[in-house]
Amino acid sequence: VLGGGACVAVVRSPQGGGRPPRRRRRRWVAIASSSACGVTLFGCQPPMDGWADCLFWAHMVQHQLLLMVSASLLVISAPWIRLWSGFPLGFRRVVARSVVQGDWARPLRATAHSIGSPVAAWIGFNAVIIGWHVPTLYDAAVTNQLVHDVEHTTFLVCGILFWAQLIDSSHFPPRLAYTRRSFS
């Protein structure tokens, strides 16, 4: 623990360097994936969801679970690769080629590139926290279930974009330099 409440995690790699053995990595990815689902369900289902409707502390715990815990576990587990792999190879090739090379997808690629930048991820992460606690939006989320679901979705998505800048994820390395990812 460093001054100011910042915390640093140190992970030692096995056998003095390199990546962990494939089997061990798969096990940790499965644990992270299952934990992400469990934490998300715990945060968004009874009893926590009922408590969050009437207790401010439970409401804040719910938000932190989505922003900090579920999002970081999802980045570690990288389920998007396994989901994408579930589609037939021919379909994946056609879609990927269309998105990567198609003129129609140019705005989509530009948007993905810009929101995936470290600065945009940091701004989005902080903007959703501040924005959803503006009294008008906060009241709307408390009184309307659809708005509340949108709030939770934006917390999770912006949390994933934020943590993707700090945690090495399968097939999507962070765009933030390793030396800039330290919390000191």
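Residues numbered from 1 in each chain as written. Predicted model: local features only at pLDDT ≥ 70, side-chain atom pairs only at ≥ 80, totals over all residues. Heavy atoms only, no water.

As for the overall build of the protein
Under the convention used in this document: In this text, helices come from DSSP runs of H or I with a minimum length of four residues, and strands from runs of E with a minimum of two, each type numbered from the N-terminal end. Relative accessibility thresholds used throughout: buried, under 20% of the residue-type maximum; exposed, over 50%; partly exposed, between the two (1.4 Å probe, protein chains only). Two residues form a contact once any of their heavy atoms are found within 4.5 Å. Surface accessibility in these figures is a Shrake-Rupley result with a 1.4 Å probe; residues are shielded only by whichever protein chains are displayed.
Across its full length, the protein holds nine helices and zero strands. Listed by position from the N terminus, the elements making up the protein come as α-α-α-α-α-α-α-α-α. When burial is assessed residue by residue, the protein has 30% of its 184 residues classed as buried. Across the protein, every contact between residues at least 6 apart in sequence was considered, and the portion connecting residues at least 24 apart equals 60%. A total accessible area of about 12,200 Å² is found for the protein, and carbon and sulfur atoms account for 68% of it.

Here we look at the environment of Val-119
Topologically, Val-119 is positioned in helix H7 (residues 118–131). When its relative accessible area of 56% is taken as the criterion, Val-119 is described as exposed.

As for the confidence of the model for the protein
Under the convention used in this document: Predictor confidence is given residue by residue as pLDDT, running from a minimum of 0 to a maximum of 100.
Confidence in the prediction of the protein, expressed as mean pLDDT, is 85, and 84% of residues score 70 or more. Low pLDDT, under 50, characterises residues 1–11; the stretch is placed with seven contacts to residues that sit more than four places away or in other chains.

Structural notes on the nonpolar core
Heads up, the rule is: Each nonpolar core is a collection of buried residues, namely Ala, Val, Leu, Ile, Met, Phe, Trp, Tyr and Cys, held together in the definition by side-chain atoms within 4.5 Å.
Val-128, Phe-155, Leu-156, Ile-160, Trp-163 and Leu-166 are the most contacted members of the largest nonpolar core, which has 23 residues in total. Residue assignment for this core shows that the elements contributing at least two residues are helix H1 (22–44), helix H3 (56–77), H7 and helix H9 (145–163). Here Trp-163 is in contact with Leu-67, Met-68, Ala-71, Ser-72 and Val-75, once residues within four sequence places are set aside.

A closer look at a positive patch on the surface
As a reminder, the rule being used: Residues qualify for a patch when their relative accessible area is over 30% and they have no salt bridge, like charges being joined within 9 Å and the nonpolar side chains of Val, Leu, Ile, Met, Phe, Trp and Tyr within 5 Å. Between Lys or Arg on one side and Asp or Glu on the other, a salt bridge is scored when a side-chain nitrogen of the former is within 4 Å of a carboxyl oxygen of the latter. We treat Lys and Arg as the positive residues and Asp and Glu as the negative residues; His and chain ends play no part in the count. Working definition for charges: the position is that of NZ of Lys, CZ of Arg, CG of Asp or CD of Glu.
Taken together, the side chains of Arg-22, Arg-23, Arg-24, Arg-26 and Arg-27 define a basic patch exposed on the protein surface. Mapped onto the elements of the fold, Arg-27 is located in helix H1. The class for Arg-27 is partly exposed, based on a relative accessible area of 47%.

Re unusual backbone geometry
If a residue is not glycine, its phi is most likely negative; likewise, a peptide bond is most likely trans. Residue Pro-47 follows Pro-46 across a cis peptide bond; omega there is 5°. With phi around 45°, Ala-78 is a residue other than glycine that occupies positive phi space. Counting through the fold element by element, Ala-78 comes out in the loop between H3 and helix H4 (79–85). Ala-78 gets classed as buried once you look at its relative accessible area, which sits at 1%.

Looking at the packing of H7 against H9
Our working definition: Angles shown run from 0 to 180 degrees and are taken between the N-to-C directions of axes, each axis being a line fitted to C-alpha atoms and, for helices, limited to the stretch in contact. An angle below 35 degrees is treated as roughly parallel, one above 145 as roughly antiparallel, one from 65 to 115 as roughly perpendicular, and anything else as oblique. Whether a crossing is left-handed or right-handed is set by the direction in which the near helix is turned from the far one by less than a right angle, anticlockwise for left-handed and clockwise for right-handed. Residues are grouped as follows: Ala, Val, Leu, Ile, Met, Phe, Trp, Tyr, Cys and Pro are nonpolar; Asp, Glu, Lys and Arg are charged; all remaining types, including Gly, are polar.
Contact geometry for H7 and H9: axes closest at 8 Å, N-to-C directions at 150°. Classed by the angle they form, the pair H7 and H9 counts as roughly antiparallel. For the pair H7 and H9, the crossing hand works out as left-handed. Note on element contacts: H9 touches H7 through Thr-154, Phe-155, Cys-158, Gly-159, Leu-161 and Phe-162, opposite Ala-121, Trp-122, Gly-124, Phe-125, Val-128 and Ile-129. Classifying every residue of the contact of H7 with H9 by side-chain character gives nine nonpolar, three polar and no charged.

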